[in-house]
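Survey of secondary and tertiary structure
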Amino acid sequence: MRDLGAGFRYLLKGQKWVGRHGRQYGFGLLPGLITLVLYAGALVALALWGSGLIDWATPFADDWADPWAGLFRALLTAVLFALALLLCVLTFTAMTLLVGQPFYESLSERVDRDVSPDGTAPESDLPLWRELWISARDSLRIVARAAVWAVLLFALGFVPVAGQTVVPVIGLFVTGFFLTEELTAVALQRRGVEVRERLALLRSRKTLVWGFGTPLALAFLVPFVAVFLMPGAVVGATLMARDLTGEDTEDGDGAAKRQEDVNAP
């Protein structure tokens, strides 16, 4: 239970950090806004042409008597849109991190320097194109895993009673785990931790991960909230990554403290 509370505190610390660094917060908003526009466009297109796609995919229903063909296709259209919406929630962070790799890399590195006792941050020796390739590759792996869970949970949602009570709760915890993996990847990738090692590391501290990711997943269900919480979530995930790798972290604004020490007589 201690880890559960610690995870939530990392989430709050991340939001507090960006609150004290307004310029970094504005910088970190850009990738989320870009991804939001792309996802909104895709959902609008699906809403406009989804029924036509279903009609094309179900020619066997053309000869069905009214109103069964219309009801069947309307149900499939609703299922398709709901599944697309669920996938958007599960993959929004991964896509935002992919779009904003240079933005969040810089933000995460700034946080590391700020809270590190010696004012340094782990740096990747890889060129930018290589980092982007690794990020894209790992994001696709995580998205594939998330998609499998999304389909499974969506199917279980039709189970009477449990589908409307237990399954949504499980879905929040699963989403929270994947959100945390995607967010901590920014800091852990810079430390040379591969995706399999990251997953093993997070599974070893599941309650810490759930304490951080589950409230965030719940907040992300509210439209547009993800965009505004994302910079702070990256900061909080960086602080958590330091915990997972056993690195010392200063409380408060480390950079400000060091500057005060320098200026002190």
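So, here is what we can say about the structure in this document. (Residues numbered from 1 in each chain as written. Predicted model: local features only at pLDDT ≥ 70, side-chain atom pairs only at ≥ 80, totals over all residues. Heavy atoms only, no water.)

1. Describing the overall build of the protein
Where we set the bar: Secondary structure follows DSSP: runs of H or I at least 4 residues long count as helices, runs of E at least 2 residues long count as strands, and numbering of each begins at the N terminus. Type-normalised accessible area, obtained with a 1.4 Å probe on protein chains alone, sets the label of each residue: buried when under 20%, exposed when over 50%, and partly exposed for intermediate values. In what follows, a contact means two residues having at least one pair of non-hydrogen atoms within 4.5 Å. Using a 1.4 Å probe, the Shrake-Rupley method yields the accessible areas, and only the shown protein chains count as cover for residues.
Counting secondary structure elements, the protein contains 10 helices and zero strands. The order of helices and strands in the protein, counted from the N terminus, is α-α-α-α-α-α-α-α-α-α. Of all 265 residues assigned to the protein, the portion counted as buried reaches 40%. When contacts within the protein are restricted to residue pairs at least 6 apart in sequence, long-range pairs at least 24 apart make up 79% of them. Looking at the protein as shown, the accessible area adds up to about 13900 Å², and 69% of this sits on carbon and sulfur atoms.

2. A word on helix α7 (residues 195-203)
To keep things clear, this is the line we draw: Regarding the arc, it is the one traced by the directions from the helix axis to the C-beta atoms.
Among the residues making up α7, those that are buried are V195, R198, L199 and L202. Down the axis, α7 shows its buried residues gathered within 95° of arc, on one side only.

3. A closer look at the layout of surface pockets
Formally: The method works on a 1 Å grid over the protein atoms by themselves. A cavity is a set of points holding a 1.4 Å probe that cannot get out, a pocket is an open set with protein on both sides within 12 Å along at least five of seven lines, and residues with an atom within 4 Å of a point line them. Grid points are joined across faces, edges and corners, and a volume is the space filled by probe spheres set on the points. For this classification, the nonpolar set comprises Ala, Val, Leu, Ile, Met, Phe, Trp, Tyr, Cys and Pro, the charged set comprises Asp, Glu, Lys and Arg, and every other residue, Gly included, is treated as polar.
Volume-wise, the largest pocket comes out at about 770 Å³. Taken together, 31 residues line the largest pocket, and the ones lying closest to its centre are L85, L86, C88, V89 and L221. Per-element accounting of the lining of the largest pocket gives the leading share, seven residues, to helix α3 (residues 68-99). Among the residues forming the lining of the largest pocket, the class breakdown is 27 nonpolar, four polar and no charged.

4. Digging into the packing of helix α4 (residues 101-115) against helix α6 (residues 166-190)
Let me state the cut-off plainly: Axes here mean lines fitted to C-alpha atoms, for a helix over just the part in contact, with angles spanning 0 to 180 degrees between N-to-C directions. Throughout this description, any angle smaller than 35 degrees is read as roughly parallel, any larger than 145 degrees as roughly antiparallel, any in the 65 to 115 degree range as roughly perpendicular, and the remainder as oblique.
Running from N to C, α4 and α6 cross one another at 70°; their axes reach a closest spacing of 10 Å. As the angle between them shows, α4 and α6 are arranged roughly perpendicular. Contacts between α4 and α6 involve Q101, Y104, E105, S108, E109 and D112 from the former and V186, A187, Q189 and R190 from the latter. The class makeup of the residues in the contact of α4 with α6 is three nonpolar, three polar and four charged.

5. Some points on the nonpolar core
Filter applied, for reference: In this text, buried Ala, Val, Leu, Ile, Met, Phe, Trp, Tyr and Cys residues form a nonpolar core when linked through side-chain atoms within 4.5 Å.
In this structure, Y104, L183, F212, L216, M230 and V234 are the most contacted members of the largest nonpolar core, which totals 46 residues. Looking at this core element by element, the count peaks at 10 residues for helix α9 (residues 225-244). Leaving out residues up to four positions away in the same chain, F212 has contacts with G7, F8, Y10, L11, T180, L183, A233, G236, A237 and M240.

6. Considerations on the pattern of salt bridges
Test applied: Counted as salt bridges are all cases of a side-chain nitrogen of Lys or Arg within 4 Å of a carboxyl oxygen of Asp or Glu.
The final tally for this structure, using the stated rule, is 11 salt bridges. R205 is the salt-bridge partner of D243, the closest N and O atoms lying 3.7 Å from each other. A residue pair is termed long-range when its members are at least 10 positions apart, and D243 in helix α9 and R205 in the loop between α7 and α8 (206-220) qualify at 38 residues. Given a relative accessible area of 24%, D243 falls into the partly exposed group. When the shortest N-O distance is used, the salt bridge between E247 and R242 registers 3.4 Å. Look at E247 and you get partly exposed, because its relative accessible area is 25%. Here the salt bridges do not stand alone but share partners, grouping E105, D112, R190, R191, R242 and E247 into one network.

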